[in-house]
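Here are the chains, one letter per residue:
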Amino acid sequence: MTTPADYSEKIPNNVSLHEDRRLQRALESWQPDFLTWWDAMGPALPTRDVYLRTAISVDREGWAQWDFVPMRDYRWGIFLAERDPGRVIGFGEHKGEPVWHQVPGEYRSDLRRLLVVQGDTEPASVEQQRFLGATAPSLYDLRNLFQVNVEEGRHLWAMVYLLQAYFGRDGRDEADELLRRSSGSLESPRILGAFNEETPDWLSFYMFTYFTDRDGKYQLGTLKESAFDPLSRTCEFMLKEEAHHMMVGTTGIDRVVERAAQVMVENDTDDVAGHGAIPLPVIQKYVNFHYSVSLDLFGGETSTNVANYFTAGLKGRWLEDRRRDDHKLTDDSIMVDAVIVDARTGEQSIGQTEVAALTGLNTDLRREYIADCQSGVNRWNKLLESAGLPHRLRLPHSAFNRKVGAFAAIEATPDGERISADEWQRRRGEWLPTDVDKTYVRSLMRPVHERGKIAAWIAPPRHGINGNPFDYEYVHLG
Ligand code: BYC
């Protein structure tokens, strides 16, 4: 059993921050900038306090404490999972060697890049979700939004800790930059595409927490394998919090689909818009959008970056230790998605090609992710099936609406049929949310901030939070 963090400290932590005065001072001087950023870019809805989970230790049992907390007083702590003294590197050219507790000089810039990219997504998502509180469908959902937001804030702290503790002056500069870039900004946008998109309504929020947070789960899973032990331990603990974000997305979409199905059955119509629910074709378009931008987050189908990360031991595979191979992959190959050009006619088609396993590792991870995404779709289809409806949702083809990787330069339908740029322009509104769809969804976004009440476009959750009922007063508004 570890001692819970001391919350009277400025920065609660389990990394003995008080023993490193220089680092403590660096983090304490970053803290006011973080709070300024949080005030300007974090949740805009004024609240008195919110029923929140706060990480207090890394124990399997009792790692978090639940209480009503004024948002401004939330304490973002630094927590790394327990150190495993016997841990050795599990993959790449250093396989079998002891893990690193410092950053090897030769991998410094690659590691810093990975931390910066990971760190950049955390505040980005908070920025994207800033105004959602004003239209929350219930106090339960409002609480979940704030929970997700404060934990993304803590994940930013996690990356900033690593940058400041292990990368000296460069790390401090990068920590400042993480607060300077901003989602959707023209001058200094967030690094990855999906984090510059808008999250203007709650359907988008559930889609984001289902599809985009799930990229987080998989990327953190690969960084948890890292030979750089502090990164591994940081990600291990972040994944614990991430499970709640997945739940918010999965059950959020469940509840939207459930409500649509209910209204369809009650009124014997597919046209549920007239009855205040969200039509299945609109839900499908939101799935198409959020899934495809999230596929882009895995980088190119082939990538020398990822091959180098793996070989060096910086970033492993999902569940590396369960893979039945040599964990070095120097002689292996993998089939990856590709645009195949017919040598004779020059015609292009969507297909697959064989590449070295190392350069195909983004594809390997994307496949794990796709299988996981499919489990959500199956779940939503079960809801439709048990409502007695023949309609089904589905994931679009991986070539659909891609801006990164093998399919960036071509257009494809959700069925994976290659089409011309003109046809894409003509038909994209059949597959992606149009202004009309978005306006309709936004028209439903009226706040329901009364205890125990819920908006008409979504079903109530099956369970409340931390054993409390749905009609618990999870948030006291300001
Ligand atoms: N948008 O070699 P390539 C989360 C860049 S989400 C813009 O094909 P690589 C969370 C790429 O950076 C998880 N640029 O790919 C979720 C590279 O640029 P440089 C976040 C992109 O490097 C919700 C160039 O294109 N964590 O935690 O193998 C809420 C060529 O790239 C994009 C991580 O991603 C894009 N979509 O893999 C809150 C883990 N994709 O370096 C939080 C850390 C690629 O040539 N990051 N590019 O200038 C990584 O592991 C890798 O950087 C990537 C890309 C997987 C992102």
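**Description of the site of the ligand**
And then number 1: In the region of the ligand, 28 residues are neighbours, and Gln118, Gly300, Ser303, Asn305 and Lys315 sit closest.
And then number 2: Contact between the ligand and Gly193: a nitrogen atom at 3.0 Å from a main-chain N or O atom of the residue.
And then number 3: Within the side chain of Asn362, one N or O atom sits 3.0 Å away from an oxygen atom of the ligand.
And then number 4: Within the complex, 80% of the 1000 Å² of free accessible area of the ligand lies under protein.
And then number 5: Because more than half of its atoms lie within 2 Å of the grid, the ligand is assigned to the largest pocket.

**A closer look at the pairing of strand E4 (residues 348-356)**
It is a general feature of regular strands that their side chains alternate between the two faces of the sheet.
And then number 1: Note: strand E3 (residues 333-341) against E4, 9 bridges, orientation antiparallel. Pairing of Asp337 across the sheet is with Gln352, part of E4.
And then number 2: Between E3 and the antiparallel strand that follows it, E4, lie 6 residues; Gly346 among them carries a positive phi value of about 80 degrees.

**Description of helix H8 (residues 304-312)**
And then number 1: Those residues of H8 lying buried are Val306, Ala307, Tyr309, Phe310 and Ala312.
And then number 2: Against the buried residues of H8 lie helix H2 (108-128) and helix H9 (361-386).
And then number 3: A side-chain oxygen of the first residue of H8 lies 3.2 Å from the backbone nitrogen of Asn305; this N-cap is Ser303.
And then number 4: Gly313 lies just past H8 and shows a positive phi near 95 degrees.

Cut-offs applied
Residues numbered from 1 in each chain as written. Predicted model: local features only at pLDDT ≥ 70, side-chain atom pairs only at ≥ 80, totals over all residues. Heavy atoms only, no water. Near = heavy atom within 4 Å. Polar contact = N/O pair within 3.5 Å; in protein donor to acceptor, adjacent residues only side chain to side chain. Areas by Shrake-Rupley, 256 points an atom, 1.4 Å probe, with all protein chains shown as cover. 1 Å grid on protein atoms, 1.4 Å probe; cavity = no way out; pocket = protein on both sides within 12 Å on 5 of 7 lines; lining within 4 Å. Sits in = over half its atoms within 2 Å of the grid points. Pairing = 2+ DSSP bridges. Helix = DSSP H or I, 4+ residues; strand = E, 2+ residues; numbered from the N terminus. Buried < 20%, exposed > 50% of the residue type's maximum accessible area, 1.4 Å probe, protein only. Contact = heavy atoms within 4.5 Å.

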